[in-house]
Amino acid sequence: MRDVAIIGAGMIPFGRRDEDSLMDMLAYASLKALDDAGLGDKSVDAVYVANMGAGILQHQTSIASSLVDRLSLLPAAADVVENGPASGGSAVKNGLLAVASGYYDLVLVVGGEKMREVTGWRATDFVATMTHPQAEYPYGITLPGMGGMFTRLYMEKYGVTREHLLAVSLKNQEMGALNPYAHVEMTLDREGIFDSPHAVVNNPLAADPLHLYDLCPVSDGAAALVLCPLELAKKMAKVPVLIAGFGQATDTHTLQEREDPTDLKAVTLAARQAFEMARLKPGDIDVAELHDAFTILEIAESEHVGFFKKGEGGKAAAAGKTRFGGQIPINVSGGLKARGHPVGATGVAQIVDIVFQLRHELPGNRQVKNARYGLTVNFGGFGNNVTAFVLKRVEP
Amino acid sequence: MPVDLELEAVLRPPQLPMSPYPPKVIVLANGKKMVIRQAVREDVPAILKSVHPCLFIERDYYDIVSARLYGELLAWYRYRVKSEYCLLGQVDGYLVGVVNGRLENEKVGMSYHTLAIDRGLRIGSHLFAAKMEYHMDYLGQEEVLIVAESPIGFRRWMIEYPLEMTTIPHELGGGDSYRLTRAIYLKAKPRLVVGDRPVPQNLLDEAEAEIKFADDDTIRERIAGLKGR
Amino acid sequence: MKKEIAITAYKCKQCGRIHYPFHDRCLDCKGRLFEPIKPQGNARLLAYTAIYNLPWGFDQRFLILGVAEFENKVKAMGQIKADSIDSLKTGMVLRPSWEPVRVQAGEDVYGLKFEPIP
């Protein structure tokens, strides 16, 4: 197996991109990554497109074939990778394995989603199609609804409080406001969303006990990476970022069949595999992008990947340990909470953000000093399919 | 424009007496303070300057809502509508939202429009709630008739309150009206109607001194830009 | 007339683990033979939420959902008949019923509902 590095990374600002089609967004992000890699007119061997909903939301299929044609990457191999909100992580895995095996040398991975094409009702329904079609979906369950049930159980078992969730929300919005790619460039105010009696309107319940500002927005967006063998990467202009570790694990489709529904086994396993492959420990990580579709998930994942003991993640967040400049900065990009969550794009975008960190390219108010190792966790379904990556800066 | 006052006396509809809406202040999610106060007729030209750029925004039916609001406010300014009122939301003096409506009679109110010029802060929710508060708590009405012209409006008013369906036609010409009754209002009030009174004098002075408005591009960007929420 | 709860759970003939919904192989022992069983008795509330941003097809302000465990250990999701989530508590006993849970294409779709037992 060859070592695989990232030599190009690019994304477009997430938000509500009414003027752009899904294919526009995929193309823009791809070109940014290809240009970032300095490939010029050179083609790639293969393209993996992460997307969850084009068939439902855009009534469009075979989008990888369409993209390579549009980008004049023919006759590159092209596939769509659909794995719910973890599609991005899965697409990067496909690229990683293809290059590691020696079959391909240059691979483009791009993830994108256009969710604001439909109303909130339809978008919520679309995301809910990943729930069990007989045992869950007919009842009106939504992913935030699952998050609500999970949050209550986590609160009851581990003493997580609204204060802990609030710390994550305020932190990620504050960082997102500094990120030009973020969907929500707005800081939140504690009084306005929590302390004031006016918060009952500003920050209403969304999925009890989760409130509006515990949830990520529904976004349009795309992000892309270019992968190649490490030896080739060393000859390129940009500082290579090694995919040092990868892991992926699954769990039961329905929450009810988990022995302990507060135990995110797939997160633990995916992170463990990634750390083992990288021969690193959680304590080695300098910066992490965790899948905070809901604030509780950042807290729970920070425990399940091993940054904190079970039950300590909420307190750590409230104590500022996960802030920029803290013990382990989490979601310096603003996370899904502020950068946004175009579902197919997210897993790729997380890695793009870590690449920027490990190449030391960000402005001082977001650049983690001397960052060498990064971790991403991309959470599919409600934890039933999770990918994790450990990334390493390759010193020039 | 020259006005024939004798003819005007014929054309101007009679007005019902209306108690004033006492201003209130609300802390928004970003910590900014929004003053909600009643506009006076002389405010209309300034308000229209902020409504105008919205006429050309298709997103979320801003074009329809703002075109109608523009006409309604102009009708009020030129005395062509019966018993209309308008409430304003201002942050740092800047106009961030407008709501209006009128009295059909002493007991029944007719809700017109809600236009949020800044988005993602539930300004529309706060202003619509203030409108209902005015009809119920200060004008002493028994019911308000409402229609929604956008999916967001439908979700915010019809579902969140939730309003009652009727077969009464709404004067905006859409479908049948939904109705806010006093009972529905009182039940919804604790979770939807907020605000502090009296408004600190400095905030009120700032709001009343001048209706500031962002330039057209800024307004369009806030409503229809990439970061529109 | 009260309708029978039209859920079938599956008890592994090899190790006894109860599954709902259906799996082709037992999640514990990989066994492929199952005894179909029906949920029995009342149910105990394991997890719950009230959802305010509902998907297409639901016009109400909020919907209370939960996962509950029947007396014979079958676990299933259902809608909870309560005016407010404040009246619920993890571990409380619920009475199950089989009722319309949504309308699709003009037709009632039936499913589990749970009602707190005072």
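None of these values were measured; they are calculated from a predicted model.

1. Describing the overall build of chain B
Part 1 of the argument: In terms of regular secondary structure, chain B is built from eight helices and eight strands.
Part 2 of the argument: What you see for chain B is a C-alpha radius of gyration of 17 Å, in line with the 17 Å of a compact globule of 229 residues.
Part 3 of the argument: Projecting the C-alpha coordinates of chain B onto the three principal axes gives extents of approximately 45 × 45 × 40 Å.
Part 4 of the argument: Looking at chain B as a whole, 42% of its 229 residues are labelled buried.
Part 5 of the argument: A fraction of 65% describes how many contacts in chain B between residues 6 or more apart in sequence connect residues 24 or more apart.

2. Topic: the overall build of chain C
Part 1 of the argument: A tally of helices and strands in chain C yields zero helices and eight strands.
Part 2 of the argument: Taken along the three principal axes of its C-alpha coordinates, chain C extends 45 × 35 × 30 Å.
Part 3 of the argument: Out of the 118 residues in chain C, the part that is buried amounts to 36%.
Part 4 of the argument: Counted over contacts in chain C with a minimum sequence separation of 6, partners at least 24 positions apart contribute 49%.

3. So, the interface of chain A and chain C
Part 1 of the argument: Each partner contributes residues to the interface: chain A has 33 residues there, and chain C has 30 residues.
Part 2 of the argument: Among the elements of the structure, α5 (120–128), α6 (143–158) and β5 (205–207) of chain A are those that each provide at least two residues to the side of chain A that touches chain C.
Part 3 of the argument: In terms of residues, the side of chain A that touches chain C owes the most to one element, α6(A), which gives seven residues.
Part 4 of the argument: Each residue belonging to the side of chain A that touches chain C can be placed in one class, and the counts come to 15 nonpolar, eleven polar and seven charged.

4. Topic: the sheet that holds strand β8 (residues 176–181) of chain B
All names here are of chain B.
Part 1 of the argument: Spatial strand order, β1-β2-β3-β4-β5-β6-β8-β7: eight strands in an open sheet with mixed pairing. Each edge of the open sheet is held by one strand with a lone partner, namely β1 (24–27) and β7 (164–169). Each neighbouring strand pair of the sheet contributes to a mean axis angle of 30°, computed without reference to strand direction.
Part 2 of the argument: Pairing of strand β2 (residues 33–38) with strand β3 (residues 84–91) involves five bridges; the strand directions are antiparallel. For Val35, the partnering residue across the bridge sits in β3 and is Gln90.
Part 3 of the argument: Relative to strand β4 (residues 94–103), helix α4 (residues 123–138) is tilted by about 35°, and along the sheet it contacts β1, β2, β3, β4, β5 (108–116), β6 (143–146) and β8.

5. Brief notes about the environment of Val47(A)
All names here are of chain A.
Part 1 of the argument: Tracing the backbone shows Val47 in strand β2 (residues 46–50).
Part 2 of the argument: Separated by 26 residues in sequence, Val47 and Leu73 have C-alpha atoms that sit 8.7 Å apart.
Part 3 of the argument: Once you skip the residues sitting within four places of it in the chain, Val47 turns out to touch Ala64, Leu67, Val68, Leu73, Ala76, Ala78 and Leu108.

6. Digging into unusual backbone geometry
Part 1 of the argument: The residue after Leu74(A), namely Pro75(A), is reached through a cis peptide bond having omega 10°.
Part 2 of the argument: Note on placement: Pro75(A) falls in the loop between α3 (63–70) and β3 (77–81).
Part 3 of the argument: Of note, the bond from Tyr161(B) into Pro162(B) is cis; its omega dihedral lies within 30 degrees of zero at -20°.
Part 4 of the argument: Mapped onto the fold, Pro162(B) is located in the loop between α5 (151–159) and β7.
Part 5 of the argument: The phi angle at Ser62(A) is positive, at roughly 55°, despite the residue not being glycine.
Part 6 of the argument: Structurally, Ser62(A) can be placed in the loop between α2 (54–58) and α3.
Part 7 of the argument: Although it is not a glycine, Asn370(A) adopts a positive phi angle of roughly 55°.
Part 8 of the argument: Topologically, Asn370(A) is positioned in the loop between α15 (343–358) and β10 (373–380).

7. Quick look at the sheet that holds strand β2 (residues 18–19) of chain C
Residues and elements named next belong to chain C.
Part 1 of the argument: Strand order in the open sheet made by the three strands is β2-β1-β3, with antiparallel pairing throughout. Both outer strands of the open sheet, β2 and β3 (34–37), are each paired with one neighbouring strand and no more.
Part 2 of the argument: Pairing of strand β1 (residues 9–12) with β2, which is carried by two bridges, proceeds in the antiparallel orientation. Pairing of Tyr10 across the sheet is with His19, part of β2.

8. Considerations on helix α11 (residues 265–278) of chain A
All names here are of chain A.
Part 1 of the argument: For α11, which comprises 14 residues, the first-to-last C-alpha distance of 20 Å matches the rise-based estimate of 20 Å (1.5 Å per residue) to within 8%.
Part 2 of the argument: Packed against the buried residues of α11 are β8 (241–250), α12 (295–304), β10 and β11 (385–393).
Part 3 of the argument: Note on α11: the residue one or two positions beyond its end, Arg279, has a positive phi of about 55°.

9. Concerning the packing of helix α7 (residues 162–176) of chain A against α12(A)
All names here are of chain A.
Part 1 of the argument: Viewed as axis vectors pointing N to C, α7 and α12 meet at an angle of 100°, and their least axial separation amounts to 8 Å. Considering the angle they form, α7 stands roughly perpendicular to α12. Contact residues: His164, Leu165, Val168 and Ser169 in α7; Thr295, Ile296, Glu298 and Ile299 in α12.
Part 2 of the argument: Residues of the contact of α7 with α12, tallied by class, amount to four nonpolar, three polar and one charged.

10. Description of the pairing of strand β7 (residues 93–104) of chain C
Residue and element names in this part refer to chain C.
Part 1 of the argument: Bridge count for strand β4 (residues 43–51) against β7 is two bridges, and the pairing is antiparallel. Residue pairing for β7: Arg44 is matched across the bridge by Val93.
Part 2 of the argument: Bridge count for β7 against strand β8 (residues 107–116) is ten bridges, and the pairing is antiparallel. Across the sheet, Leu94 pairs through a bridge with Pro116, a residue of β8.
Part 3 of the argument: Between the end of β7 and the start of β8, which pair antiparallel, lie two residues, with Ala105 showing a positive phi angle near 50°.

11. Section: the pairing of β6(B)
Residues and elements named next belong to chain B.
Part 1 of the argument: Along β6, one buried face is formed by Glu143 and Leu145 and the opposite face, lined by Val144 and Ile146, is buried too.
Part 2 of the argument: Sheet topology note: the β5/β6 ladder contains three bridges and is parallel. Each residue of the ladder has a partner; that of Val108, found in β6, is Glu143.
Part 3 of the argument: Handedness of the β-α-β unit built from β5, α4 and β6 comes out right-handed.

12. Considerations on the environment of Glu69(C)
Residue and element names in this part refer to chain C.
Part 1 of the argument: Residue placement: Glu69 occurs in strand β5 (residues 63–70).
Part 2 of the argument: Classification of Glu69 by C-beta neighbours within 10 Å gives partly exposed; the count is 18.
Part 3 of the argument: With near-sequence residues (within four places) excluded, Glu69 lies in contact with Ala43, Arg44, Leu46 and Lys75.

13. Points about the environment of Tyr104(A)
Residue and element names in this part refer to chain A.
Part 1 of the argument: Among the structural elements, Tyr104 can be located in the loop between α4 (87–100) and β4 (107–114).
Part 2 of the argument: The exposure class assigned to Tyr104 is partly exposed, which follows from the 19 C-beta atoms found within 10 Å.
Part 3 of the argument: Between the C-alpha atoms of Tyr104 and Val44, which are 60 residues apart in sequence, the distance is 8.7 Å.
Part 4 of the argument: When near neighbours in sequence (up to four residues on either side) are disregarded, Tyr104 contacts Asp45, Ala46, Ala98 and Val99.

14. Regarding the confidence of the model for chain C
Part 1 of the argument: Put simply, chain C has an average pLDDT of 96, and 99% of its residues get 70 or more.
Part 2 of the argument: Scored as a whole, the predicted complex attains pTM 0.96, and scored at its interfaces, ipTM 0.97.

Calculation rules
- Residues numbered from 1 in each chain as written.
- Chains lettered and ligands numbered in written order.
- Predicted model: local features only at pLDDT ≥ 70, side-chain atom pairs only at ≥ 80, totals over all residues.
- Helix = DSSP H or I, 4+ residues; strand = E, 2+ residues; numbered from the N terminus.
- Rg over C-alpha atoms; globule rule 2.2 N^0.38 Å.
- Buried ≥ 20, exposed ≤ 12 C-beta atoms within 10 Å, placed from the backbone.
- Contact = placed C-beta atoms within 7 Å.
- Nonpolar A, V, L, I, M, F, W, Y, C, P; charged D, E, K, R; others polar.
- Pairing = 2+ DSSP bridges.
- Axes fitted to C-alpha atoms, helices over the stretch in contact; angles between N-to-C directions.
- Expected span 1.5 Å × (residues − 1).
- Parallel < 35°, antiparallel > 145°, perpendicular 65-115°, else oblique.
- Right-handed = clockwise from strand over helix to strand, strands pointing away.
- pLDDT = per-residue confidence, 0-100.

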